[in-house]
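Notes for the structure review
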Amino acid sequence: MSTVNKQLSSTGAPQVLPNVVAAFYTTPGGTVALIKKATFVNTANTAVVITGYFVPAAGNPGATNIAFGPVTVPAKPAIPGLANPILEVYEIENHTLMPGMSLQLVADTVNAVVGIVSGLEITQ
């Protein structure tokens, strides 16, 4: 068995959330993922609502598998030089994704929120 610390996303790096529900990260076969930290950064001038789902392998996102939300990421400050607002989503920290499960995310505004989800992949 091996354990690897990594960013849990389809690219292995922070990703912009789409405005339709889509897989942010899917656990590979023979692997279990443990979410340790989930942070979302709003780069827009307006507040953005995001929602996350823990979707079973071959399943679909819906009311029965909401992981968090809807929650609002505050708008970018109007004062130049201030940092973009950050939202920590504690509800999904320390959750386990079994092989084939996915974390699916959606924002109500496209290209506004960047998701950074870190954790462990444990190969069985």
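The structure reproduced in this document is the subject of the present report. (Residues numbered from 1 in each chain as written. Predicted model: local features only at pLDDT ≥ 70, side-chain atom pairs only at ≥ 80, totals over all residues. Heavy atoms only, no water.)

1. Focus on unusual backbone geometry
Stated formally: In this text, helices come from DSSP runs of H or I with a minimum length of four residues, and strands from runs of E with a minimum of two, each type numbered from the N-terminal end.
Going from Gly 69 to Pro 70, the amide bond is cis rather than trans, its omega being 5 degrees. In this fold, Pro 70 is placed in strand β6 (residues 66-73). In this structure, Asn 94 is a non-glycine residue whose phi angle is positive, near 70 degrees. With respect to the element layout, Asn 94 can be found in the loop between β7 (86-88) and β8 (96-97).

2. Focus: the pattern of salt bridges
Heads up, the rule is: Whenever a carboxyl oxygen of Asp or Glu lies within 4 Å of a side-chain nitrogen of Lys or Arg, that contact is scored as a salt bridge. We call a residue buried when its accessible area falls under 20% of the maximum for its residue type, exposed when it is over 50%, and partly exposed in between, using a 1.4 Å probe and counting protein chains only.
For the coordinates displayed, the defined rule picks out two salt bridges. Here Lys 6 makes a salt bridge to Glu 121, at a shortest N to O gap of 3.5 Å. Of this pair, Lys 6 sits in strand β1 (residues 2-7) while Glu 121 sits in strand β10 (residues 113-123), and the two are 115 residues apart along the sequence. For Lys 37, the salt bridge identified is with Glu 88, shortest N-O distance 3.0 Å. Taken together, the residues span a long stretch of sequence, with Lys 37 in strand β4 (residues 31-42) and Glu 88 in strand β7 at a distance of 51 residues. We classify Lys 37 as partly exposed; its relative accessible area is 35%. By relative accessible area, which is 26% here, Glu 88 ends up partly exposed.

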